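Commentary on secondary and tertiary structure
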Amino acid sequence: MSTQAPHAAYKMKTPPRTMTGAEAVVASLLEEGVDTLFGYPGGAIMPVYDAFYDYQDRLKHILVRHEQGAVHAAQGYARVSNRVGVCIATSGPGATNLITGIADAQIDSTPLVCITGQVASHLLGTDAFQETDVIGISMPVTKWNYQITKAEEIPSAFAKAFYIARSGRPGPVLLDITKDAQFAKFDFKYEPCVGIRSYAPYPKSRPDDVIAAASLINNAKKPYILAGHGILLSRAQEEFAAFVEKTGIPVASTLLGLSALPCDHPLYVGYLGMHGNYAPNVKTNEADVIIAVGMRFDDRVTGDLSRYAKQARVIHIEIDPSEINKNVKAEVAINADAKEALLALMPHVQKRSHSSWIGEFKALDKIEHEKVIVKDFALPENSIKMANVVERISRKTKGEAIVVTDVGQHQMVTSRYYAYRGQDNNVTSGGLGTMGFALPAAIGAKFARPNEEVIAIIGDGGFQMTLQELGTIFQENTGVKIVLLNNNFLGMVRQWQQLFFDRRYSSVEMKNPDFIKITEGFGLKARKVEQPSELDAAIDEMLAHDGPYFLEVVVEREENVFPMVPTGASVAEIRLE
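What comes next concerns the included structure. Bear in mind that the values here come from a model prediction, so they are computed numbers and not experimental data.

**With respect to the sheet that holds strand β15 (residues 402-405)**
Strand order in the open sheet formed by six strands is β16-β15-β17-β18-β20-β19, and the pairing between neighbours is parallel. Looking along the sheet, the strands with just one partner apiece sit at the ends: β16 (426-427) and β19 (525-529). Relative to strand β20 (residues 549-554), β19 runs parallel, the two sharing five bridges. Bridge pairing in β20 places R527 opposite L551. Each of β17 (454-459), β18 (481-486) and β20 is contacted by helix α16 (residues 386-396), which is oriented at about 160° to β18, the strand it contacts most. With respect to the sheet, helix α18 (residues 438-448) is in contact with β15, β17 and β18, its orientation differing from that of β17 by roughly 175°.

**So, the packing of helix α3 (residues 67-81) against helix α5 (residues 99-107)**
As a packed pair, α3 and α5 sit with axes 7 Å apart at the nearest point and diverge in direction by 25°. If you check the angle between α3 and α5, you find them roughly parallel. Residues Q68, V71, H72 and Q75 of α3 pack against T100, G101, I102, D104 and A105 of α5. Of the residues in the contact of α3 with α5, the class split is three nonpolar, five polar and one charged.

**Observations concerning the sheet that holds strand β11 (residues 268-271)**
Read across the sheet, six strands follow the order β11-β10-β9-β12-β13-β14 without closing on themselves; strand pairing throughout is parallel. Edge positions in the sheet fall to β11 and β14 (332-334), since each of these pairs with one other strand and no more. Adjacent strand axes in the sheet meet at a mean angle of 20°, parallel and antiparallel pairs treated alike. With three bridges connecting them, strand β9 (residues 223-227) and strand β10 (residues 251-253) associate as parallel partners. Bridge assignment links L226 to a residue of β10, and that residue is A252.

**Regarding the environment of V427**
Inspection of the secondary structure puts V427 in strand β16. Accessibility expressed as a relative area gives 0% for V427, which makes it buried. The contacts of V427, once residues within four sequence positions are left out, are G76, R79, V80, I402, V403, V404, T405 and F437.

**Re the packing of aromatic side chains**
Throughout the structure, instances matching the rule amount to 16 aromatic pairs. Measuring from centroid to centroid gives 5.7 Å for F463 and F515, while their planes differ by 75°, and the two rings are edge-to-face. One end of the pair, F463, is in helix α19 (residues 460-466); the other, F515, is in helix α22 (residues 515-521), and 52 residues separate them in sequence. A relative accessible area of 1% places F463 in the buried class. Of the aromatic side chains, those joined through ring pairs into one cluster are F38, Y77 and F447.

**Side note on the pairing of strand β2 (residues 36-39)**
Going residue by residue along β2, you find T36 and F38 tucked away on one face and L37 and G39 tucked away on the opposite face as well. Handedness of the crossover joining β2 and strand β3 (residues 60-63) through helix α2 (residues 46-52): right-handed. Pairing geometry for β2 and strand β4 (residues 85-89), over two bridges, is parallel. The partner of G39 across the bridge, within β4, is I88.

**Quick notes on the nonpolar core**
Formed by 99 residues in total, the largest nonpolar core has its most connected members in Y224, I225, F240 and I291. Excluding residues within four positions of it along the chain, I291 makes contact with I217, P223, Y224, I225, L226, I249, I315 and I317. Among the nonpolar cores identified, the runner-up in size contains 50 residues, and C87, A442, I443 and A526 belong to it.

**Here's the deal with the state of the cysteines**
Under the criterion given, the structure shown has zero disulfides. Sulfur of C87: no disulfide; nearest cysteine sulfur belongs to C114 and is 3.5 Å away.

**Regarding the packing of helix α1 (residues 21-31) against helix α7 (residues 154-166)**
Interhelical geometry of α1 versus α7 gives an angle of 30° and a closest axis separation of 9 Å. The two elements α1 and α7 cross, and the hand of that crossing is right-handed. Where α1 abuts α7, its residues G21, A24, V25, S28 and L29 lie against I154, P155, F158 and F162. Its residues assigned to classes, the contact of α1 with α7 shows seven nonpolar, two polar and no charged.

**A short note on unusual backbone geometry**
In this structure, the amide linkage connecting F562 to the following residue, P563, adopts the cis form with an omega of 0°. Mapped onto the secondary structure, P563 falls in the segment after β20. The phi angle at D127 is positive, at roughly 60°, despite the residue not being glycine. Looking at where D127 falls in the secondary structure, it is placed in the loop between β5 (112-118) and α6 (134-138).

**Description of the pattern of salt bridges**
Per the counting criterion, the structure on display carries 33 salt bridges. Among the salt bridges present, the one from R169 reaches E323, with a minimum N-O distance of 2.9 Å. Linking R169 in the loop between α7 and β7 (172-178) with E323 in the loop between β13 (313-317) and β14, this pair joins segments that are 154 residues apart in sequence. E323 sits in the buried class, given a relative accessible area of 7%. A salt bridge links K326 to E323, with the nearest nitrogen and oxygen atoms 2.9 Å apart. The class of K326 is partly exposed, set by a relative accessible area of 46%. Because the salt bridges share partners, they merge into one network encompassing R169, D320, E323 and K326.

**Considering the side chain of S91**
Secondary-structure assignment places S91 in the loop between β4 and α4 (93-96). On the accessibility criterion, S91 (2% relative accessible area) is buried. Setting aside residues up to four positions removed in sequence, S91 forms contacts with A44, G117, Q118, V119 and Q130.

Analysis parameters
Residues numbered from 1 in each chain as written. Predicted model: local features only at pLDDT ≥ 70, side-chain atom pairs only at ≥ 80, totals over all residues. Heavy atoms only, no water. Pairing = 2+ DSSP bridges. Helix = DSSP H or I, 4+ residues; strand = E, 2+ residues; numbered from the N terminus. Contact = heavy atoms within 4.5 Å. Axes fitted to C-alpha atoms, helices over the stretch in contact; angles between N-to-C directions. Parallel < 35°, antiparallel > 145°, perpendicular 65-115°, else oblique. Nonpolar A, V, L, I, M, F, W, Y, C, P; charged D, E, K, R; others polar. Buried < 20%, exposed > 50% of the residue type's maximum accessible area, 1.4 Å probe, protein only. Phe/Tyr/Trp six-rings, centres within 6.5 Å; stacked < 30°, edge-to-face > 60°. Right-handed = clockwise from strand over helix to strand, strands pointing away. Core = buried A, V, L, I, M, F, W, Y, C linked by side-chain atoms within 4.5 Å. Disulfide = S-S within 2.5 Å. Left-handed = near helix turned anticlockwise from the far one by under 90°. Salt bridge = Lys/Arg side-chain N within 4 Å of Asp/Glu carboxyl O.

Here you go:
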């Protein structure tokens, strides 16, 4: 993983000087190279916001409309920038509103520093106004958290927070700062953190493990690579491509591993998981050697663990030792950063080709194409399928846009049919599956990479969870393109109720508002498409528009997403219909 160091956006040019704790917060952020953060003010964090006032030329604060929007925006920023995302909120409800995004960042390994205000230290434990034990609440879902009660602690706590958030397997850190610590004065001096005793974030691969893994790879008849998020986090895309091309091994991607290898690469065989491609799932249970790179064998990838890849000898490359042998037993484990492990393996693996094995994937691709893809791309006379929309966006953006998805059917369809060709251009909520993620995360992604196209693809359910962030887009004129796939259902839940609960549609049909009026009320250009004949022109108009744009596409109400691995099934039992 990257060890992103504080950059020279700001450095103290004067000797240590006296300042308040609130000013020290701002100075610490600048020392760490932070230039953008997302937040919402309130009483317990007001001294810090007052300090922001004097640094508006060096530190851009984005006022969101809800604290959950702040943390998701910070996630989107971090995911595409290789930098730590920063968000800030007040105490009590402000702090608790961050928790969902913090939990999301923890399971998806997203580096964040989350700052919360807290009541004055003499009021702690008294149930004072807007007092909540955010340290206790956030402990299970943070990589580290700490409550600052003295101003003198601020520089060292911030240095440690940024180091922990970005190092090793990244994750979220929370700093809770009492109000009196923000007011108190002290002599500020900042020293970046370069190490912590007992914390070893970068384990080194052992030569014996590397040699053992290379031997398995060189002698395999049906080897198979599972590409995970760790490849992207370690910025190992080039090393990974070189490894794949030398070994000639077919590659499938997890949900968060999408864009680790371009989708048009000849050795890329598709997307793993519950709604992934047919061949990658079936062939998992036929491979003789599986090389898992930076992935954690999530249940959405494995299906029934008791019947998962029992024939395979597993090589697991993983930086977090707690993930090794947690779900799937590895014959060889390389506990190291993905880039370091791949570089260590390269001299020991042989140049090979596995054309007949890859041909088996292609044979199953044909079956999926005939039974699923042809139907997905069918364009009935008076209705639009989700794949119609995603495929056109993919083609018109050449697979190079940053695509941010919410959670649900649209997420699975986008993962299947957006042909990613760029790097770090897939942003989604994976492990936690957080509806409402996409809109604020897209805002953060756009601030991180303002010169690139950022497209949020969202369902009507998830959109209504955080649509207030249209106000943030309006205020900042953030050039995000929003594509709402509207089927007037909570589509994924409805699909499960149809297939496994005898069509007993319980609390899934949505009576939706006029999204165009709402969006136009926020000052955004908006258009609604209901007929297939309008679709291409509408997408072209959206992509050509200079600034934010909202495109609502009414899609088939009861469309299902296939293939599908039912809960409790083996990956080899994936359904095509």
